[in-house]
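Listed here are the chains, written in short residue letters.
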Amino acid sequence: MITGGQVALGDQKSMVFSGSLVTYGRATVLVTATGMNTELGKIAALMNQTQQRKTPLQQSLDSFSAKLAIVIMAICAVVFALSVFRTGMGVLDSLMFAVALAVAAIPEALSSIVTIVLAMGTQKMARQNAIMKDLKAVESLGSVSVICSDKTGTLTQNKMTPQKVYADGSLLEGDDLELVNDVQRLLLKAALLASDATNNEETGSSIGDPTEVALVMLGEKFGVDEETYRAQHPRLGELAFDSDRKLMSTLHDIDGVPTLFTKGAIDVLLDRSKWLLTREGKVELTPERKEEIARVNMELSMEGLRVLAFAYKEIDSVRPLTLEDENEFTFIGLISMIDPPRPEAVQAVADAKRGGIRTIMITGDHKVTASAIARQLGIFRDGDEAVSGLELDQMTDADLDGRLEKISVYARVSPEHKIRIVNAWQRKGNIVSMTGDGVNDAPALKKADIGVAMGITGTEVSKDAASMILADDNFATIVKAVVNGRSVYANIKNAIQFLLSGNTAGIFCVLYASLLALPVPFQPVHLLFINLLTDSLPAIAIGMEPARRGLLDQKPRDPKEPILSRDLLTRIGGQGLLIAIVTMIAFYLGYQGGDAVLASTMAFATLTLARLFHGFNCRGDASIFRLKFSTNKYSVMAFFAGVVLLLAVLFIPGLKGLFMVAPAFGVANLGEIVLLAFLPTLVIQIIKVIGDVRRGKEN
C-alpha cells in the first residue's frame, strides 16, 4: 500500500486539490479533507505559523543604540559632576550643559538618515526591475549568503526551443534534419500536424503550449509554415491530450490515406507501438530496439532535455476516433526540447559565487532534468548532490544539516520542503533569499530573510508574502539587488562613522575643558546647530554615494558582526581626536585675551567646518582623488550648504546674538578657522592615499 506521504505531491494521481480548476469532463469524487486539512489549508497554516526574522541592520542598530545610550549617559554624568565641582558652574547650568551634550552626542538624525538612504536604494533597485516592498529588506540583501531559486522563468527563459532529434536510428541536432530522408520528413510532419500552437516570426509572438511552440519553431527552421501546412492537410478528427493517457492524436488525409498522428510520452507510445519506421520501411519493434530508443531517451534527459515521442497509424476510413485507435502504432522518432537557461543567468550565478553567495535550485521538475539544467548554469558541480522531495522526507534535521552544503538541487518538492530548506540554512547562520511565484511558495517566501516574488508570472499571494518583486522575473536582477544592498549598508556605515566621529570630537573637547577647569568650549545652542543642521546634510549625501566596483569580490558580511566593529571604532576615535585637537587649538587662540565668548565661538566654528570637511573623508575607504568629487555631487552641495549656514550664523547680526557669537570675531579669525578645520582632512587624506597605493600594489 502506498500512502500519500510516499508520493510527491506533484505525482499524486486521482486527486482533486482544493483551488483546482475543472476545465472539462465530469467525475464523482470522495472528499478526504476539508478546510485547513486540505493542501491549500496547509499552506495557509504554514503562512500563519511562519515568523519573519529581524534584519541584520535592525539587530545591529538595536544593539548599537543600547550601548551608545549607556556610554553617553555615563559621559554626561561625568561632565555634570566636573562642571559642578571643578568649574564652579551652578547645578542648573551644569545640568543644562550635560543635557545639551547628550543631545549633541546622540545622533538623532541617524534613524531618518537610514530611512532616506534605504528609500534611495529602493528607487535605484526599481530602475533595475527589483521592486522593494519593505525598506528594511534593502540592506538585508547585502548580507544574503544563500539564494534558493526556482528554475522555470527565473533561471530559464520559460520558452521551449527544439534541440536534438532521433529518427531512423540517428541522433542529430534539429538543424541537421534532412527532409530528403522519408523518416525525418514524416517526423516533422507529425510534429506540425499533431499540435495546435502558432508562432509569428515577424512579431516574435506565439500562441499555445510552450512544448508545441517548440515543434512549430522546428518547422520554421526549414521554411515550413505551420498554418499553411495544416491547411493543406486539414484535421479530420482528434483525441485531445489528457494527463492520464499522456497522448494527443489527430487524423489527417495523407495522399488519400486516413492517417492518425500521435505524440506523447515515450514510455506510453513505445508500449503501444508494434512497428518502427526506417528508411527501408516498417520493421518490427523488437525489445532490443525498444531498449535502444529508451537508452537514447535517457541520454537526452540527462542533458536536461524534455523528450516527446511520435508515431503514426493508417486507419481504414475517416470516422470518429476512439481510444481503441491509439494502439498498434508505427514508431517514428523523438524530438527533444529545452527551456534554455537565460544567458545572463549563467553569468549571474558566477557573479554570485564570486561574491560568496551559494545558489540552490529548487524545482518541481524531475531530478535528472533539474540536475542537467543546474550543471549548465554552474549551480551543480562535481561532488554536489541532487535530492528529491521524497528523499528529503526520509532525512532527519541532523541528516539534512550534515548534507546541506553538498546539496545544490532539490526536485519535486512541496511547500513544507521549501520551509525546511530555508530553516536548515538559517540554522547555520546564513541570510537566505527564496524565490517563488505560486500560492504554495508563500510560506517559504515569508520565512526567508528575503522573499522574492515574480512580477510577471507570480500570484498575488506570493507577491504579498515577499519582500521584493522582480519586474522581469530574472535571476540576474537578484544579484544586481544584492550589490545595491551591499552598497546601501556600506553607505549607512560610512554615515554612522561621520556622525559619531564628529560627536566624539565634541565629547573630547568638553571632557578636556572640564578636566582642566576651562570655560565651556560650546554653548548648548552651538551643539544643537551642529547636530541638527550641519551634520544631517553631509550624512545624507554620504548615503547617496554610488556603488563602488569590487563589492561582489567581497564575501557576505557576518550578520552577527556588530555595525561598530573594532576597526570602525578605531577610525571613529582617531578621527574624532584629530578634530578635537584642532578645535581646542582654535579655542586657545580665542582665549588668549581671556575672552571666553570668543574662545567658544572659535571652537564652535572650527568644529562645524572640520565636520563639513570630514564629510568627504567618510565617503569611502579610498582617497578623494580616487573617489572624485564628480561622482557624488550631493556631497559637494551639502558642504557648501553647511558653509553658507555657518557664515550666516557668524556674520548676520540677528543670528550672531541668537548663537552667542563673540562681537570681536572677524575675518582674520575666519582664516585661522579654515586652516585649522582643514588640517584633520589633510591628514586623513594622506593616510588614504597611502592606502590606495598599497591596495594598487596588492592588486
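Quantities reported herein were computed from a predicted structural model and do not represent experimental measurements. (Residues numbered from 1 in each chain as written. Predicted model: local features only at pLDDT ≥ 70, side-chain atom pairs only at ≥ 80, totals over all residues. Heavy atoms only, no water.)

**Comments concerning the packing of helix 11 (residues 343-354) against helix 18 (residues 475-515)**
For the pair helix 11 and helix 18, interaxial distance at closest approach is 8 Å and the crossing angle is 35°. Pair helix 11 / helix 18 crosses with left-handed handedness. Residue-level inspection shows E344, A345, A348, V349, D351 and A352 of helix 11 in contact with helix 18, the latter providing F475, A476 and V479. (Axes fitted to C-alpha atoms, helices over the stretch in contact; angles between N-to-C directions. Helix = DSSP H or I, 4+ residues; strand = E, 2+ residues; numbered from the N terminus. Left-handed = near helix turned anticlockwise from the far one by under 90°. Contact = heavy atoms within 4.5 Å.)

**Overview of unusual backbone geometry**
For D168, which is not glycine, the phi dihedral falls at a positive 55°. If you trace the backbone, D168 turns up in the loop between strand 3 (161-167) and strand 4 (170-173). On the accessibility criterion, D168 (14% relative accessible area) is buried. (Buried < 20%, exposed > 50% of the residue type's maximum accessible area, 1.4 Å probe, protein only.)

**Here's the deal with the sheet that holds strand 17 (residues 432-436)**
Taking strand neighbours across the sheet as the criterion, the 8 strands line up as 1-19-18-17-2-14-16-15 in an open arrangement whose pairing is mixed. Two strands bound the open sheet, and with one partner strand each, they are strand 1 (130-132) and strand 15 (385-388). Across the sheet, the mean angle from the axis of one strand to that of its neighbour is 20°, orientation sign disregarded. Bridge analysis of strand 1 against strand 19 (residues 468-470) gives 3 bridges, and the strand direction is antiparallel. Across the sheet, M132 pairs through a bridge with M468, a residue of strand 19. Packing of helix 15 (residues 415-427) onto the sheet brings it into contact with strand 2 (146-149), strand 14 (358-363), strand 16 (407-411) and strand 17, and relative to strand 17 it is tilted by some 165°. (Pairing = 2+ DSSP bridges.)

**Considering the side chain of T608**
Mapped onto the secondary structure, T608 falls in helix 22 (residues 596-617). For T608, the contacting residues outside a window of four places in its chain are F529, I530, T534 and L646.

**Some points on the pairing of strand 7 (residues 235-242)**
Sheet analysis places strand 7 next to strand 8 (residues 247-254), joined by 5 bridges and oriented antiparallel. Across the sheet, the residue bridging to G237 is L251, located in strand 8.

**Side note on helix 4 (residues 109-127)**
Here helix 4 spans 27 Å end to end across 19 residues, near enough to the 27 Å set by a 1.5 Å rise per residue. Of the residues trailing helix 4, N129 is marked for its positive phi of about 75°. (Expected span 1.5 Å × (residues − 1).)

**Some words on helix 18**
A rise of 1.5 Å per residue sets the reference length of helix 18, with its 41 residues, at 60 Å; its end C-alpha atoms lie 60 Å apart and thus fit the reference within 8%. A large share of helix 18 lies buried, amounting to 34 of its 41 residues. Of the residues flanking the start of helix 18, the one acting as N-cap is N474, its side-chain oxygen 3.0 Å from the backbone nitrogen of A476. A517 lies just past helix 18 and shows a positive phi near 55°. (Polar contact = N/O pair within 3.5 Å; in protein donor to acceptor, adjacent residues only side chain to side chain.)

**Some thoughts on the packing of aromatic side chains**
Inspection of the entire model under this criterion finds 11 aromatic pairs. Seen in terms of ring centroids, F613 and F639 are 5.1 Å apart; in terms of plane orientation they differ by 40°. Their pairing is tilted. With F613 in helix 22 and F639 in helix 24 (residues 633-651), the pair connects residues that are 26 residues apart, well separated along the chain. Side by side, F613 and F639 carry an identical accessibility label, which is buried. Cluster of aromatic residues (ring-pair linked, three or more members): F613, F616, F629, F639, F640 and F678. In this structure, R557 packs its charged tip against the face of Y489, placed 3.7 Å from the ring centre. (Phe/Tyr/Trp six-rings, centres within 6.5 Å; stacked < 30°, edge-to-face > 60°. Lys NZ or Arg CZ within 6 Å of the ring centre and 35° of its normal.)

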